[in-house]
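# Inside the fold
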Amino acid sequence: MGQKWTPKGKHCYLTGASQGLGLCAALQLVKDGANVSIVARDQGKLDVALKKMEAARVSPSQKLAAYSHDISTAAGAQAALEAVCTPFAGQAPDAVFLCAGNARPLYFVEAKEEDFKSQIGTLYFTALWSAWAVAKLMVCQKVKGKIVFVSSTLGLMSFVGYAPYAPMKFAIRGLADTLRSEFQLYGISVHIYFPAGMFTPGYEEENKVKPAITKKIEEQDKACQPEEAAAVLIKGVKNGTYSIAGDFNTMVFRATTQSSSPFGNIFVKFAFEVIGWFGVPIWRWGVDADVRKYAPEHEAYLKQKGFFENEGK
Ligand SMILES: NC(=O)C1=CN([C@@H]2O[C@H](COP(=O)(O)OP(=O)(O)OC[C@H]3O[C@@H](n4cnc5c(N)ncnc54)[C@H](OP(=O)(O)O)[C@@H]3O)[C@@H](O)[C@H]2O)C=CC1
Ligand SMILES: CCCCCCCCCCCCCCCC(=O)[C@@H](N)CO
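No experiment lies behind these values; they were computed from the predicted model shown.

Parameters at a glance
Residues numbered from 1 in each chain as written. Chains lettered and ligands numbered in written order. Predicted model: local features only at pLDDT ≥ 70, side-chain atom pairs only at ≥ 80, totals over all residues. Heavy atoms only, no water. Buried < 20%, exposed > 50% of the residue type's maximum accessible area, 1.4 Å probe, protein only. Helix = DSSP H or I, 4+ residues; strand = E, 2+ residues; numbered from the N terminus. Pairing = 2+ DSSP bridges. Right-handed = clockwise from strand over helix to strand, strands pointing away. Axes fitted to C-alpha atoms, helices over the stretch in contact; angles between N-to-C directions. Parallel < 35°, antiparallel > 145°, perpendicular 65-115°, else oblique. Left-handed = near helix turned anticlockwise from the far one by under 90°. Contact = heavy atoms within 4.5 Å. Nonpolar A, V, L, I, M, F, W, Y, C, P; charged D, E, K, R; others polar. Salt bridge = Lys/Arg side-chain N within 4 Å of Asp/Glu carboxyl O. Near = heavy atom within 4 Å. Polar contact = N/O pair within 3.5 Å; in protein donor to acceptor, adjacent residues only side chain to side chain.

## Some thoughts on the pairing of strand β2 (residues 35–40)
- Judged by how many residues are buried, β2 sits mostly within the fold: six of six residues are covered.
- Side chains N35, S37 and V39 project from β2 onto one buried face, and the interleaved V36, I38 and A40 project onto a second face that is buried too.
- With five bridges joining them, strand β1 (residues 11–15) and β2 adopt parallel strand pairing. Among the inter-strand pairings, Y13 is bridged to a residue of β2, identified as S37.
- The pairing of β2 with strand β3 (residues 64–68) spans five bridges and is parallel. Bridging across to β3, I38 finds its partner in A66.
- Once you follow β2 into helix α2 (residues 43–56) and on to β3, the crossover reads as right-handed.

Here is the structure:
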């Protein structure tokens, strides 16, 4: 409390940082003078990312590294953490940013078993297993570090198309709320970030499969550049903010779904809550009407895809 956290000279570990939000956050931490380790799967993208980090370094003594691991399993997350800690003599990182994730927006009845499983893996398990491995190491070594989760506006509300995705972002919030409480036992601080849309490579990918009605609803959310989103995230962590959000809509949904987590200034929270009491139902009436109006077009779409002949299989 009071004093700001400074990344300079600290070891920051970011998952999912070969592109998008994670890479932008990594670059900002490099510019702040931190030692930065990143993990993702694709080696080619990691090589490019590491070059960008090297170009951003502010001191020759900064340790910058990139490792390829699939962290959607407990063993993968453990192996990644061990690799990341090796240049630091096995010492736990000072701050961990859990940015790995991707989105596969699909209609629930059209999604395959693998679609759900893969979203559980890339969204929830990447966060859970890394947080678990890191926390155990921090507790053993008495490192009073930081663990930063990345949820989404869709961790506070949801709508058509996000059945494989939003529940995982809600789950991350449940985990972060629990650990914020529990890790006071060790002096480890927990943060959670709720970004709205960001123009990242992942966003472009998800838009290739995103249902038209989902796209239409999302038009009301102006996506931002990931650099901007990363700046909001890092500022929140530096300030010691538990629940971090950078845009109006997210702040409204957060204020109306606060649960037991800390909310910062009570007057600000109250103002957003009042806006939400009226704004959210009005928004929902409009969206629900759009969804119902879309039903005939959706039925035609399912028919054209042969959904009915295959009995949904
Ligand atoms: N973009 C947006 O509009 C929004 C995004 N978010 C969330 O923010 C986070 C970052 O999103 P964004 O930057 O758009 O995502 P991107 O898809 O652009 O980048 C995701 C990163 O995660 C890595 N990754 C994915 N799965 C794994 C895995 N199993 N093991 C290791 N690394 C993995 C990817 O690399 P590789 O595939 O090579 O492993 C990549 O580096 C995600 O959690 C996302 O859900 C939240 C709200 C909005
Ligand atoms: C008063 C209330 C007004 C409300 C207007 C709300 C508009 C809808 C907001 C939807 C935003 C979704 C962003 C998250 C995207 C995401 O996480 C995925 N795309 C993953 O990458």
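Moving on from the model shown.
## Some words on the packing of helix α1 (residues 20–31) against α2
- One way to put it is that α1 packs onto α2 with a least axis distance of 9 Å and a crossing angle of 25°. As summarised for this structure, α1 and α2 are arranged roughly parallel, according to the angle between their axes. The way α1 lies across α2 gives a crossing that is right-handed. Of the residues in α2, those touching α1 at L23, A26, L27, V30 and K31 are A49, K52, M53 and A56.
- Within the contact of α1 with α2, the residues separate by chemical class into seven nonpolar, no polar and two charged.

## A short note on the pattern of salt bridges
- Scanning the entire structure with this criterion turns up 11 salt bridges.
- Close ionic contact of E54 with R57 constitutes a salt bridge, the shortest N to O distance being 2.9 Å.
- Assessed through its relative accessible area of 36%, E54 is described here as partly exposed.
- The class for R57 is partly exposed, based on a relative accessible area of 25%.
- The residue K305 makes a salt bridge to E110 at a minimum N-O spacing of 3.1 Å. Residue K305 is found in the segment after α10 (266–304), and its partner E110 is found in the loop between β4 (95–98) and α4 (113–140); the two are separated by 195 residues along the sequence.
- A residue is classified by how much of its surface remains accessible, and K305, at 46% relative accessible area, is partly exposed.

## Looking at the site of ligand 1
- In the vicinity of ligand 1 lie 33 residues, with S18, L21, R41, M198 and T200 positioned nearest.
- Residue I71 places a main-chain N or O atom 3.1 Å away from a nitrogen atom belonging to ligand 1.
- Between A100 and ligand 1, the recorded distance is 3.4 Å, taken from a backbone N or O atom to an oxygen atom.
- Broken down by secondary-structure element, the contributors of at least two residues to the shell around ligand 1 are α1, α4 and α6 (201–209).
- In terms of residue class, the shell around ligand 1 is made up of 14 nonpolar, 14 polar and five charged.

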